[in-house]
Amino acid sequence: MLIDLYQFLQEDMESKSYKPQPEKSFKMKDLEYDMVDCDLTLQLDNHGNRKIGCRLDGYVCLTIPCDRCLKPVLSQIDISFDKELDMNKSAEEKIRENDEECFVSDFSLDTDVLIHNEILMNLPMKVLCSADCKGICHRCGANLNDGPCRCQNTELDPRMSKILDVFNQFKEV
């Protein structure tokens, strides 16, 4: 959703509230997470002298796979963004001050870019379905939370690999 900040400043409104609805999925590079629920409120406040207070609060719920077993996990990401936008600054001044307002272009505020950036900044580093998740077998890919797999669990010393070959030749089928 694009919000025209020029019109907001011209109408001399003190404040205006929006309920932005982001896309139904969150995408970054090769990953895509389904957005299950979201409740966001964007508040714009006219501070005068072409300065706008921008506040985004709420949460977004994404379905993210567990880092160990890949089971989908519902993760709530809380969003709290509060910044004053100075519409007097030129593009060169913003670059010089390292002001990263990529969601504002000229006098348009792109809520989709703002929400995407805030989700990206608040994504959890590790998502687990439970604290004692056992993950998947590194050989067969079976989910070890469902029970043990049928793989041979003994780890042999690599120096003994030749004797294992001898035993495997004489194994009954």
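Per chain, the residues get numbers from 1 upward, laid out in the order the sequence is written. Thresholds applied to this predicted model are a pLDDT of at least 70 for local features of residues and 80 or more for the giving and counting of side-chain atom pairs; totals over whole chains, interfaces and linings are not thresholded and use all residues. Just so you know, side-chain values use all the structure's heavy atoms and leave hydrogens and water out.

J.: Hey, could you run me through helix H3 (residues 111-122) in this one?
T.: Given 3.6 residues per helical turn, the α-helix brings residues three or four places apart onto the same face. Secondary structure counts use DSSP, requiring at least four H or I residues in a row for a helix and at least two E residues in a row for a strand, with both numbered from the N terminus. Multiplying one less than the number of residues by 1.5 Å gives the expected span of a helix. Along its 12 residues, H3 runs 16 Å from first to last C-alpha, staying within 8% of the 16 Å computed at 1.5 Å per residue. Any residue under 20% of the maximum accessible area for its type is buried, any over 50% is exposed, and the rest in between are partly exposed; the area is computed with a 1.4 Å probe on protein chains only. Listing the buried residues of H3 in full gives Thr111, Leu114, Ile115, Glu118 and Ile119. All buried residues of H3 project into a common sector of 130° when viewed along the axis, lining one side. The secondary structure elements touched by the buried residues of H3 are strand S1 (2-4), strand S3 (25-28), strand S4 (31-48), strand S5 (51-65), strand S6 (72-86) and strand S8 (108-110). Summarising the geometry, the arc corresponds to the directions from the helix axis toward the C-beta atoms. Here, residues are in contact when the closest pair of their heavy atoms is within 4.5 Å.

J.: Can you walk me through the pairing of S5 in this structure?
T.: Regular strands show a simple pattern: their side chains alternate between the two faces of the sheet. Think of it this way: DSSP has to see at least two bridges between two strands before they count as a pair. Note: S4 against S5, 13 bridges, orientation antiparallel. Of the residues in S5, the one forming a bridge with Gln43 is Arg55. Hairpin geometry of S4 and S5 is characterised by an intervening segment of two residues between the two adjacent antiparallel strands and by a positive phi of about 55° at Asn49. With 15 bridges connecting them, S5 and S6 associate as antiparallel partners. In the strand pairing of S6, Tyr59 is matched with Asp78. In this structure, the hairpin formed by S5 and S6 is closed by a connection of six residues, where Leu70 is found at a positive phi of approximately 70°.

J.: Would you mind going over the nonpolar core with me for this structure?
T.: In summary, soluble globular proteins display a tendency toward joint burial of nonpolar side chains. Here, nonpolar core refers to any group of buried Ala, Val, Leu, Ile, Met, Phe, Trp, Tyr and Cys residues whose side-chain atoms link them within 4.5 Å. Ranked by size, the top nonpolar core spans 35 residues in total, and within it Leu5, Leu62, Leu85, Leu109 and Ile119 carry the most contacts. Of all the secondary structure elements, the ones that give two or more residues to this core are helix H1 (5-10), S4, S5, S6 and H3. With sequence-adjacent residues up to four places away left out, Leu109 is seen in contact with Met1, Leu2, Ile3, Leu5, Leu42, Cys54, Leu85, Phe103 and Val104.

J.: Just checking my understanding: could you explain the pairing of S3 for this structure?
T.: The pairing of S3 with S4 spans four bridges and is classified as antiparallel. Note on S4: the bridge partner recorded for Phe26 is Tyr33.

J.: Even after reading the chapter, I still don't get the confidence of the model for the protein chain, so can you show me in this structure?
T.: The predicted coordinates ought not to be read in detail in places where the model reports low pLDDT. Known as pLDDT, the predictor's per-residue confidence is scaled from 0 to 100. The predicted model of the protein chain averages 83 in pLDDT, with 87% of residues at 70 or higher. Averaged over each element, pLDDT in the protein chain is lowest for helix H2 (residues 91-96) (63) and highest for S5 (92).

J.: Would you mind showing me how to read the environment of Pro148 here?
T.: Position of Pro148 relative to the elements: it lies in the loop between H3 and helix H4 (161-169). Along the primary structure Pro148 and Ile136 are separated by 12 residues, whereas in three dimensions their C-alpha atoms are 9.8 Å apart.

J.: Whenever I open this one, the side chain of Ser25 confuses me. Can you help?
T.: Structurally, the position occupied by Ser25 is in strand S3. The class for Ser25 is buried, based on a relative accessible area of 13%. Any pair of N or O atoms that falls within 3.5 Å is considered a polar contact. Within protein, one atom must be able to donate a hydrogen and the other to accept it, and sequence-neighbouring residues count only if both atoms are side-chain atoms. A polar contact of 3.1 Å, which involves the side chain of Ser25, links it to the side chain of Glu32. Beyond its immediate stretch of four places on either side in the chain, Ser25 contacts Glu32, Tyr33, Asp34 and Met35.

J.: Sorry if this is basic, but what is going on with the pattern of salt bridges here?
T.: Two side chains that carry opposite charge are able to pair once their charged atoms sit near each other. Put simply, a salt bridge is a Lys or Arg side-chain nitrogen that is within 4 Å of an Asp or Glu carboxyl oxygen. Under the definition given, this model contains three salt bridges. One salt bridge in this structure joins Asp57 and Arg55, with 2.8 Å as the shortest N-O distance. Residue Asp57 is classed as partly exposed on the basis of its relative accessible area of 25%. The salt bridge involving Arg55 is made with Asp82; its shortest N-O contact spans 3.3 Å. One end of the pair, Arg55, is in strand S5; the other, Asp82, is in strand S6, and 27 residues separate them in sequence. Look at Arg55 and you get partly exposed, because its relative accessible area is 33%. Of the residues examined, Asp82 reaches a relative accessible area of 56% and is grouped as exposed. The network of salt bridges with shared partners includes Arg55, Asp57 and Asp82.

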